[in-house]
Amino acid sequence: MQTFEKYIKIIHQDFPRLVISSIKKLGEGDNNKAYLINEEYIFRFPKRERVKKQVRREIAVLSEIKSFVNIQIPELEYISPSINFIGYRMIKGENFSANLFHKLGKKDQQNAQKALADFLSSVHAIDLSQLKNCNLKTMNLKEEYKDNFEKAKQLIFPHLSKNKRNIITRFFLKYLTNEHNFDYSECLIHNDFSSDHILFNTVKKQITGIIDFGDIAIGDPDYDLMYLLDEFGEKFIPGFLKNYPQTKEKNLLQKLNFFALANKIQSFPDKDYHAESDLWKYAYAHLNEWFEKQALQMNLNG
């Protein structure tokens, strides 16, 4: 209760008239703690000053893009002047997991794929000139992935088999040396379009909301498809592409598989932690999942 009182006090410093009848912790990530207030509002509390900068960007962008999308996104009603928290009315729905998707009938699956494709198409089509005051970061994937490859060679390779080292090397070099991978029109991207940020109504069987825009940036539109491939599998992509302006499916799948690998590399600690540490074990397990998916896909295609 002492922890709850702390956050109630923080809220009341900026909104003293807000009557708080209930508070429940929803979760905690690397950047934020989240609480459900009065069974109606979600309040997020940034954990560091760096995260507050992300939240300021999120505040600016959400107000600009809400008229362009046809799926509900957070509408911020409580914003701390010091960005100690933000609060918005909870969007009803549960995380749209791969397991949930695969339990749907074919028509409902197609409707979900279309809804996600329409949402990303709308976001990617927003005129960047309208966002010039939002302090958005422009991603430089080529430089970022060069750094990731060096990190892999220095910190991760010593703990991997020769075969796994060769596979990682092949994927990185194939991506980095193909200039076509960087021949794209920069656009606004969600930049963290994973299943836990997609909300689904299991009764109406429809996508109800998209949340967590803290990483929103300017970059390669294909990057927003990474988690769709990584979490839902390659069979999900063709149905998605029917409603999304992307034509080179074979090259796209290669690119998304690389994005998924690089994402696993990025999750490793930046220092050479002992291989028995929890952080290392977590990252290593996710990297092994990627290898297992690649092996399964090769067998299916073989």
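Per-chain numbering applies: the sequence of each chain, read as written, is numbered from 1 onward. With the structure being a predicted model, the display of local features is reserved for residues of pLDDT at least 70 and the display and counting of side-chain atom pairs for 80 or more, all residues being used for whole-chain, interface and lining totals. Neither water nor hydrogens contribute to the side-chain values; these are computed over all heavy atoms in the structure.

A. Region of the structure containing the overall build of the chain. Elements are defined by DSSP. Helices are runs of H or I of four residues or more, strands are runs of E of two residues or more, and each kind is numbered from the N terminus. On a plain count of helices and strands, the chain comes out with 10 helices and 10 strands. Computed over its C-alpha atoms, the radius of gyration of the chain comes to 20 Å, within 12% of the 19 Å expected for a compact globule of 302 residues. Projected onto its principal axes, the C-alpha coordinates of the chain cover approximately 65 × 45 × 40 Å. We call a residue buried when its accessible area falls under 20% of the maximum for its residue type, exposed when it is over 50%, and partly exposed in between, using a 1.4 Å probe and counting protein chains only. Across the 302 residues in the chain, those meeting the buried criterion constitute 48%. By definition in these notes, contact holds between two residues if any of their heavy atoms fall within 4.5 Å. Here the analysis covers contacts within the chain between residues at least 6 apart in sequence; of these, 67% occur between residues at least 24 apart. In short, Shrake-Rupley with a 1.4 Å probe defines the accessible areas, and a residue's cover is counted only from the protein chains shown. In the form shown here, the chain has an accessible surface area of approximately 16200 Å², with 48% of it arising from carbon and sulfur atoms. Positive: Lys, Arg. Negative: Asp, Glu. His and the chain ends are not part of the count. Working definition for charges: the position is that of NZ of Lys, CZ of Arg, CG of Asp or CD of Glu. Both charge centroids of the chain, one from 43 positive and one from 39 negative side chains, sit 2 Å from each other. We compute the radius of gyration from the C-alpha atoms alone; for a globule the expected value is 2.2 Å times N to the 0.38, where N is the number of residues.

B. Just the pattern of salt bridges, in detail. In the sections that follow, a salt bridge refers to a side-chain nitrogen of Lys or Arg positioned within 4 Å of a carboxyl oxygen of Asp or Glu. Summed over the entire model, instances satisfying the criterion amount to 15 salt bridges. The residue Lys255 makes a salt bridge to Asp220 at a minimum N-O spacing of 2.7 Å. Of the two residues, Lys255 is situated in helix 9 (residues 249-266) and Asp220 in the loop between strand 10 (217-219) and helix 7 (226-232); the sequence distance between them amounts to 35 residues. For the pair shown, Lys255 and Asp220 are each scored as buried. The salt bridge partner of Asp230 is Lys293, with a shortest N-O separation of 3.3 Å. In this pair, Asp230 is assigned in helix 7 and Lys293 in helix 10 (residues 278-301), connecting sequence segments 63 residues apart. Residue classification places Asp230 among the buried positions, given a relative accessible area of 12%.

C. Region of interest: helix 6 (residues 162-176). For helix 6, with 15 residues, the first-to-last C-alpha span of 21 Å sits near the 21 Å given by 1.5 Å per residue. Listed in full, the buried residues belonging to helix 6 are Lys164, Ile167, Ile168, Phe171, Phe172, Tyr175 and Leu176. Taken end-on, helix 6 shows its buried residues confined to a sector of 150 degrees, consistent with a single buried face. Pointing more than 90 degrees away from the buried face of helix 6 are the exposed residues Lys162, Asn163 and Lys174. Take the residue count of a helix, subtract one, and multiply by 1.5 Å to get its expected span. In this description, the arc belongs to the directions extending from the helix axis to the C-beta atoms.

D. Up close: the sheet that holds strand 9 (residues 206-210). What the three strands build is an open sheet, ordered 6-8-9; its pairing is antiparallel. Where the open sheet ends on each side, the last strands, each with one partner, are strand 6 (94-95) and strand 9. Across four bridges, the pairing between strand 8 (residues 198-201) and strand 9 is antiparallel. Within strand 9, the position partnered with Ile198 by the bridge is Ile210. For two strands to be treated as a pair, DSSP must find at least two bridges joining them.

E. Layout of the sheet that holds strand 3 (residues 41-46). Pairing is antiparallel across the open sheet formed by five strands, whose spatial order is 1-2-3-5-4. Strands at the two margins of the open sheet, each flanked by one partner only, are strand 1 (23-28) and strand 4 (76-79). Along the sheet, successive strands turn relative to each other by an average axial angle of 25 degrees, direction set aside. As paired strands, strand 1 and strand 2 (residues 32-37) are joined by five bridges and run antiparallel to one another. Residue Ile23 lies in a different strand from strand 2, and its bridge partner there is Ile37. Every axis in this analysis is a line fitted to C-alpha atoms, fitted for helices over the stretch in contact. Angles between the N-to-C directions lie between 0 and 180 degrees.

F. Here's a closer look at the pairing of strand 2. Across the six residues of strand 2, six count as buried, placing the element largely inside the fold. The loop that links strand 1 with its antiparallel partner strand 2 comprises three residues. Counting the residues that bridge the hairpin from strand 2 to strand 3 gives three residues, and of these Asn38 lies at a positive phi of roughly 55 degrees.

G. Summary view of the confidence of the model for the chain. In predicted models, pLDDT denotes the confidence assigned by the predictor to each residue on a 0 to 100 scale. Looking at the chain as a whole, its pLDDT mean stands at 92, while 94% of the residues score no less than 70. Ranking the elements of the chain by mean pLDDT puts helix 10 last, at 82, and strand 8 first, at 98.

H. A look at the pairing of strand 9. Judged by how many residues are buried, strand 9 sits mostly within the fold: four of five residues are covered. Adjacent in sequence and paired antiparallel, strand 8 and strand 9 are bridged by four residues, among which Lys205 carries a positive phi angle near 55 degrees.

I. Just the packing of aromatic side chains, in detail. Two aromatic rings, drawn from Phe, Tyr or Trp (for Trp, its six-membered ring), form a pair once their centres lie within 6.5 Å of each other, and the interplanar angle then sorts them: stacked below 30 degrees, edge-to-face above 60, tilted otherwise. Under the defined criterion, the tally for this structure stands at 32 aromatic pairs. With centroids separated by 5.0 Å and ring planes inclined at 80 degrees, the aromatic side chains of Phe171 and Trp290 adopt a geometry described as edge-to-face. Linking Phe171 in helix 6 with Trp290 in helix 10, this pair joins segments that are 119 residues apart in sequence. You can call Phe171 buried: its relative accessible area is 19%. Three or more aromatic residues link up through ring pairs in this structure, and these residues are Phe4, Tyr7, Phe15, Tyr35, Tyr41, Phe43, Phe45, Tyr78 and Phe85. When the NZ atom of lysine or the CZ atom of arginine is within 6 Å of a ring's centre and also within 35 degrees of its normal, the charge is said to sit over that ring. Positioned above the aromatic ring of Phe149, the side-chain terminus of Lys153 is 4.5 Å from the ring centre.

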